[in-house]
Amino acid sequence: MQTVLQQVITTFLLLEFGNIPEMQSFLFLLFLVIYIVTVIGNILIFVLVVADRHLHKPMYFFLCNLSCLETCYSSTILPRMLSSFLTGDKSMSVGSCITQFYFFGSLAVTESFLLLVMSYDRYLAVCKPFRYRAVMNSRYCLQLVAWSWMNGFLVMAISCFLISQHSFCGPKFIDHFFCDFTPVKKLSCCDTSLTETLVFILSSVCAVPPFLLTLLSYMCIITTVLRMSATTGMPKAFSTCFSHLVVVTVFYGSLIIVYVLPKTKTLRALNKVFSVFYTVVTPLLNPLIYSLRNREVKDALSKVVKKCEYFLKTQH
């Protein structure tokens, strides 16, 4: 009787976007620019909201939290990927891989809840304006934000605990640019059906209700906006909602394509491309769409620029 011993591996190799030398420099510069713009843009929003008292409103408080989240979200994936482009080292320990998955997943779940909170905030502002101030007080805003962050990190703690109980065998290659659940569980030495079922249930609970409620909020908002006349704020309300809808569509649209749709040959080939949308493009869109099209944020930015110009002139 022949016994086959499976060698337990402690390091993964991420294949990322292939091993074409000519592409590495281009990809490094592309993702470096995206990362720098994302971090600067989101930090700028955070600073503006904290510094300008005119932005001390629920909508901007939630936006401030989203900006912090997007900065952390990008930082869980891009710095390691940039390092691998630069050094050629694509290896990652199992512990580091699970840690990356934990923070990436926690922030993704938190974002889905924050987008729901922001849609609810806009729903109250547009559809129930007379109740808005009474409902969206400081205490309730803090509770909504705390609920979003706690849900994200608690759910992923359970998921990562389940994954960490597995041992992993060769081949040690992960055909992705970050540690995601599906490619990692394929390398497990033992049966993963129970873990897959539990993770699926947790993911469904944390993704489907927020998505449907967010969709419902914007449907109510659009219906209300279409009933408005041009003199009662229809253009402004529609512009704000359109900006929010673009971010929500990109985030959930790419998630649905990657995780929900059947894996045809074409979708499997484009899996990494769509993954880039919700891991890289969405954090980049946040400051560009949510804020730069917003008059109050642009006014706050203009004040900061004028103060900087005045300060520089006084130094000469």
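Refer to the preceding data block for the structure.
Residues numbered from 1 in each chain as written. Predicted model: local features only at pLDDT ≥ 70, side-chain atom pairs only at ≥ 80, totals over all residues. Heavy atoms only, no water.

Turning our eyes to something else, we now look at the layout of surface pockets. Taken as a whole, the largest pocket holds about 1,300 Å³ of empty space. Together, 40 residues line the largest pocket, and Asp 180, Thr 182, Val 258, Tyr 259 and Val 260 are the ones closest to its centre. Of all elements in the fold, only helix H4 (94–127), helix H6 (138–164), strand E3 (173–174), helix H7 (181–185), helix H8 (193–227), helix H9 (234–259) and helix H11 (271–291) reach the threshold of two or more residues within the lining of the largest pocket. Ranked by the residues each element gives to the lining of the largest pocket, the list is headed by H8, at ten residues. Grouping the amino acids of the lining of the largest pocket by side-chain chemistry returns 24 nonpolar, eight polar and eight charged. (1 Å grid on protein atoms, 1.4 Å probe; cavity = no way out; pocket = protein on both sides within 12 Å on 5 of 7 lines; lining within 4 Å. Points joined across faces, edges and corners; volume = space filled by probe spheres on them. Helix = DSSP H or I, 4+ residues; strand = E, 2+ residues; numbered from the N terminus. Nonpolar A, V, L, I, M, F, W, Y, C, P; charged D, E, K, R; others polar.)

Below, the discussion takes up the sheet that holds E3. The strand order E2-E1-E3 describes an open sheet built from three strands, whose pairing is mixed. Two strands lie at the open edges of the sheet, namely strand E2 (91–93) and E3, each paired on one side alone. The pairing of strand E1 (residues 11–14) with E2 spans three bridges and is antiparallel. Residue pairing across strands places Leu 13 opposite Ser 91, the latter belonging to E2. H4 contacts E1, E2 and E3 of the sheet and is inclined by roughly 85° relative to E2. (Pairing = 2+ DSSP bridges. Contact = heavy atoms within 4.5 Å. Axes fitted to C-alpha atoms, helices over the stretch in contact; angles between N-to-C directions.)

So, about the packing of H4 against H6. Between H4 and H6, the least distance of the axes is 8 Å, while the angle of their chain directions is 150°. One finds that H4 runs roughly antiparallel with respect to H6. The hand of the H4/H6 crossing is right-handed. A per-class count over the contact of H4 with H6 returns 20 nonpolar, seven polar and no charged. (Parallel < 35°, antiparallel > 145°, perpendicular 65-115°, else oblique. Left-handed = near helix turned anticlockwise from the far one by under 90°.)

For the rest of this paragraph, the subject is the nonpolar core. Core analysis: the biggest nonpolar cluster contains 83 residues, and Phe 12, Phe 31, Phe 62, Leu 115, Phe 168, Ile 174 and Tyr 278 have the highest contact counts within it. Here this core gets 15 residues from one element, more than from any other, and that element is H4. In contact with Phe 31, not counting residues within four places along its chain, are Phe 17, Leu 78, Met 81, Leu 82, Phe 85, Val 276 and Val 280. (Core = buried A, V, L, I, M, F, W, Y, C linked by side-chain atoms within 4.5 Å. Buried < 20%, exposed > 50% of the residue type's maximum accessible area, 1.4 Å probe, protein only.)

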